[in-house]
Amino acid sequence: MKTTICDITGKCPGRLIAVSDIHGHGHYLKGLLEQLCFSEQDALVIVGDLIEKGGNSLETIRYVMRLKESNPHVFLTAGNVDCSRMGNFFDKSEGNSRRFLEELRWTERVWGCGLFLEILAELGIKTEELDESSVAAVKEAISEKYRRELEFIWNLPTIITYGDYIFVHAGVPTDQVETLLEEDAFHFMKIDAFLEQKNVFERCVVVGHWPASLYYRDAGCMNPVFDYERHTIAIDGGCALKKGGQLNAIVIPEQHAAMRRITWSSYDDYPAVYAKTAQEANKGTVYIKYPNMEVELVSETEDTAELRQKSSGILFHVPKRYLYRRGEKLYCEDYTDEELKIQAGEALKLIGQTSAGAFVKQDGKLGWYRGELCRRNS
C-alpha cells in the first residue's frame, strides 16, 4: 500500500480539533466534542487507530461516519491497527483464512474485544464455531453486511496536511511529505517513540500511536507532549490502553497558527472525587512503563502486592489489579508510587481505591492520595 496524502488547507472555516487513538471509545470522542462545543464550523481530524482494544469499535466507526455525513470538515488518517485489521480481512492470498482466524483468536485472548468479534456477535456467530474451512463463507457474509463500515476504514489516507500542520499516525522523516508518496504507507503508521528521534521540522508534525505517557521520564502523565523546538506534538492519551488513560484533543485556531497558540483538552469517564484534606508530595521510588514491565512477586495482601522490578531490582507496592501474566511471566501495567501534592477540596479522578489509599489522576498526572475522598466538594 502506497502512501497517500489528503490536503485540507483552506477547507476549514473555524477551529481544527485533532484527536488520535480512540480505540473503540466512541463515547469518549462524543464527550470530548461536547466539552469543546464542537460545531459545523469546526474541523475534526482523527489521527489513526479508530478501532480495537476498546469494546465499541463498530459503533465508534458508525458514530464517526455519522459525524462526517453531517459535517464535511471531518477527516481521518489510517493507523497501524486500522490498517493491519483491514488488510488481513481483505487479503485474498493463500493462507488468508488461517491468518484471519489466528488474529481473531489472538484478539479475543489478549484484548477480549475487537471489531470483528463485535461483528460476529451481531451475526450470531461464536468464534469457537469457526475453523479454516468456514472462514471464507463468514468473511463473505461480513463483506455483504458491513462493507460500508469496513471500506470507510480501509480507504483512509496516510497523511493529512493543513497549512503549517501535518497529521500522521506515527511519524514522518521529513515535513516535505510529497516526497513520500511512493513509500510504503504502513511505515508511517508504526514508528515507536517518534519524538525521541529528535527530528526538526519547519511544519508542525502531530502524531498519535505512542502513548504520550511513555515520554514522561519520572511521572505518570497522560497529557499531550509539545516539543516547540522541533515542531512536534504527541497526543495519544493512552485511551483503552493505559489505566488512567484519556482521550486528548489539541485545538488549532487556524492553519498558520504558531504552536504556542494551540490549546488542549481531555476526556475520560473515571469518577470525579474531591480530597477532604491536603497532602504533601512524595516523589516515590518507581515508575513502571513499557517495556520494563516484568516483575517478581514478593508478597501480597487481599488487594495489593509487593513486587520487585526485574530490570532495576526496586521493591514497590501496587494494587493487584495492575498485574497480569503472559505465560510464566508476571507483568505490571504502567504505574507510579508517587504521592501527589493535593489541596483540600481539590478535584481528582478516581482510578482505583485500595486499603493503602486511592490511586488518582490530577490534571492528567497519576499518583496516590492517602487521605479521605468524597464525591462532592463541600
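For the structure itself, consult the block above.
Within each chain, residue numbers correspond to sequence positions counted from 1 in written order. A pLDDT threshold of at least 70 governs which residues receive local features in this predicted model, and a stricter bar of 80 or more applies before side-chain atom pairs are shown or counted, although totals over entire chains, interfaces and linings include all residues. Side-chain figures throughout are based on the complete set of non-hydrogen atoms in the structure, without hydrogens or water.

> Give me the sheet that holds strand 15 (residues 294-300): which residues, what numbers.
Think of a sheet as strands paired side by side through backbone hydrogen bonds, with each pair either parallel or antiparallel. Spatial strand order, 17-16-15-19-18: five strands in an open sheet with antiparallel pairing. A single partner strand is all that each edge strand has here, and the edge strands are strand 17 (315-319) and strand 18 (323-326). Adjacent strand axes in the sheet meet at a mean angle of 50°, parallel and antiparallel pairs treated alike. With two bridges connecting them, strand 15 and strand 19 (residues 329-332) associate as antiparallel partners. Its bridge partner lying in strand 19, Val 295 is registered against Leu 330. At least two DSSP bridges between two strands are needed for those strands to be called paired. Helix numbering and strand numbering both begin at the N terminus, where a helix is a DSSP run of H or I of at least 4 residues and a strand a DSSP run of E of at least 2. Axis lines are fitted to C-alpha atoms, over the contacting stretch for helices. Their N-to-C directions set the angle, which ranges from 0 to 180 degrees.

> If you had to explain the packing of helix 5 (residues 115-123) against helix 6 (residues 132-154) to someone new, which residues and values would you point to?
Packing of helix 5 against helix 6 brings their axes to within 11 Å, and their N-to-C directions diverge by 110°. As summarised for this structure, helix 5 and helix 6 are arranged roughly perpendicular, according to the angle between their axes. Where helix 5 crosses over helix 6, the two elements pack in a sense that is right-handed. In this structure, helix 5 contributes Leu 115, Phe 116, Ile 119, Leu 120, Glu 122 and Leu 123 to the contact, and helix 6 contributes Val 138, Ile 142, Lys 145, Tyr 146 and Leu 150. We call Asp, Glu, Lys and Arg charged. Ala, Val, Leu, Ile, Met, Phe, Trp, Tyr, Cys and Pro are nonpolar, and the rest, Gly among them, are polar. Residue composition of the contact of helix 5 with helix 6, grouped by class: nine nonpolar, no polar and two charged. Convention used here: angles under 35 degrees read as roughly parallel, angles over 145 as roughly antiparallel, angles from 65 to 115 as roughly perpendicular, and any remaining angle as oblique. The crossing is said to be left-handed when, going from far helix to near helix, the turn is anticlockwise and less than a right angle, and right-handed when the turn is clockwise. Note on definitions: a residue-residue contact is assigned when non-hydrogen atoms from the two residues lie within 4.5 Å.

> Let's hear about unusual backbone geometry: which residues, and what values?
Cis geometry is found at the peptide bond from Tyr 290 to Pro 291, where omega equals 10°. Checked against the element boundaries, Pro 291 lands in the loop between strand 14 (287-288) and strand 15. Non-glycine residue Lys 198 carries a positive phi angle of around 65°. Position of Lys 198 among the secondary structure elements: in the loop between strand 6 (165-168) and strand 7 (204-207). A positive phi angle is found at His 209, which is not glycine, with a value near 70°. By the element assignment, His 209 lies in the loop between strand 7 and strand 8 (220-221).

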